Amino acid sequence: MAEQGAVRLLDIFLVFLRIGAFSFGGGLTGWVYRDVVQQRQWMSEQDFLSGMAVSQILPGANVTNLSIYIGQKLRGTIGAFAALVGLLLVPFFMVIGFFLIYQDISHIGWVAMATDGVAAAAVGLLMLTTWRAGAQSGRNLAGAITVIATFVTVGLLQLPLLPSVLCIAPLSIAASRKHGPKDAK
Amino acid sequence: MRSDVLVKLIVVFVPFSLAAIGGTPSIFASIHHEAVEVQGWVTAREFVELFAVSRGAPGPGSMLVTLIGWKAAGFIGALVATFALYLPSSLLMLVIAKIWGRFSGRPWHSAVQRGLAPVGTGLMAAGIFAIFKTAGAGPLSWIVAIGSAVLLGLLPKVHPLLLLVAGAMIFIACDTLIGARV
């Protein structure tokens, strides 16, 4: 494994720049794993998985959180920002570029249909993620109730997000304390 | 007036950044509510378009927010919205990353992990609901969505971008062949 401080800042930046630029269709975490653990051996698999768990628990995009975790592990605060900026720089300009192209061609009849098709398929990918997450987190009664309560509060009633989460999350955490670690995945 | 919009972008997206438990799909429902119904930065139709474009482009899917910023206040709006969404959660992550390892194995550590998971799941379900509700999604949208989910579930090696392209082709084909407004 690379020792702390042994990896150059520029290398961190460039690796994440490449991951960001070529990450069409999502699945960025897989690319990060391949680059950081398998190819460059910047960190152990154990470190990576633990970092991935934290990235998912904490608020924010999972992959930006993961890049912060890796960058910080390698080179501290500045390493974290090298990774984050690298990851977002190209997609930032590309998403705007894609949108400008889209605006130019959006009057063509079939483009609107294509857009709906892409959106529907993308929603499908979200459904799969949600289904998998639900199969894990909704296994016990408290978890299932939390999933439904959150969906109703934020999705159906459209109550403000942060206060809703701040009410539901502590209750859910308190409830999951009662289940022993045997329930833990 | 423009700086008003920039402040609004910050006021809206910073709390969302810190509430995006389980990843940014969890805040899509709220982003939609604010951007379309409360602030009027984009129409319901535009929201679906921005969602599709951001999914077709590289990078995290949450760069939908960059485009909402762009629609609201041009390039500077895109920049402000992007920072507002990614910076707060990143700073929190940075602080936790520095101390996290020390706490693993403690009982509350795994209780937090287990307790937050269903909240994230519920939020993601709300996001799906919000996108389909505004899209005025017909049966074809549901078929394509569920079809992609099942296909990727059964064949995890399929590149997601292929499914997006397939979704587009199916819609175009149905439109030209049947002429059905779906």
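Cut-off values and rules
- Residues numbered from 1 in each chain as written.
- Chains lettered and ligands numbered in written order.
- Predicted model: local features only at pLDDT ≥ 70, side-chain atom pairs only at ≥ 80, totals over all residues.
- Helix = DSSP H or I, 4+ residues; strand = E, 2+ residues; numbered from the N terminus.
- Contact = placed C-beta atoms within 7 Å.
- Buried ≥ 20, exposed ≤ 12 C-beta atoms within 10 Å, placed from the backbone.
- Nonpolar A, V, L, I, M, F, W, Y, C, P; charged D, E, K, R; others polar.
- pLDDT = per-residue confidence, 0-100.
- Domains from an automatic or database assignment.
- Expected span 1.5 Å × (residues − 1).
- Bend = angle between axes of the 7 residues up to and from the residue.

All right, on to the overall build of chain B then. Scanning chain B from N- to C-terminus turns up seven helices and zero strands. Across chain B, helices and strands are ordered from the amino to the carboxyl terminus as α-α-α-α-α-α-α. For chain B, the spread of C-alpha atoms along the principal axes amounts to about 60 × 50 × 25 Å. Of the contacts formed within chain B by residues at least 6 apart in sequence, a portion of 61% connects residues at least 24 apart.

Below, the discussion takes up the overall build of chain A. Helix and strand content of chain A: seven helices and zero strands. Ordered by position from N to C terminus, the α and β elements of chain A give α-α-α-α-α-α-α. Going through the 185 residues of chain A one by one, you find that 47% of them count as buried. Look at the contacts in chain A between residues 6 or more apart in sequence, and 51% of them connect residues 24 or more apart.

Here the focus is the environment of A20 of chain B. As for its placement among the helices and strands, A20 of chain B is situated in the loop between α1 (2-19) and α2 (28-38). Considering only alpha carbons, one finds A20 of chain B and A73 of chain B, 53 residues apart in sequence, at a separation of 23 Å. For A20 of chain B, the contacting residues outside a window of four places in its chain are P59 and G60 of chain A together with S26, I27 and S89 of chain B.

Residue and element names in this part refer to chain A. We note that Q41 has phi near 50°; this positive angle belongs to a residue other than glycine. For Q41, the position within the fold is in the loop between α2 (28-39) and α3 (45-57). Non-glycine residue Q158 carries a positive phi angle of around 55°. Of note, Q158 is situated in the loop between α6 (141-156) and α7 (161-178). Residue Q158 is classed as partly exposed on the basis of its 18 C-beta neighbours within 10 Å.

Here we take up the interface of chain A and chain B. In this complex, chain A contributes 87 residues to the contact, which on the side of chain B involves 93 residues. Of all elements in the fold, only α1 (9-21), α3, α4 (62-105), α5 (109-137), α6 and α7 of chain A reach the threshold of two or more residues within the side of chain A that touches chain B. If you tally residues by element for the side of chain A that touches chain B, the top one is α5 of chain A, at 24 residues. Residues that form the side of chain A that touches chain B fall into these classes: 54 nonpolar, 30 polar and three charged.

Chain-level pLDDT for chain B is 86 on average; 93% of the residues reach the 70-or-more range. The ipTM assigned to the predicted complex is 0.79, against a pTM of 0.79.

This part takes up the domain arrangement of chain B. Here chain B is partitioned into domain 1 (2-137) and domain 2 (138-182). In this structure, domain 1 of chain B and domain 2 of chain B have C-alpha centres spaced 25 Å apart.

Turning our eyes to something else, we now look at α4 of chain A. In this model α4 of chain A runs just 32 Å from its N-terminal to its C-terminal C-alpha over 44 residues, more than 12% under the 64 Å that 1.5 Å per residue would give. Where α4 of chain A bends most, at R75 of chain A, the angle is about 145°.

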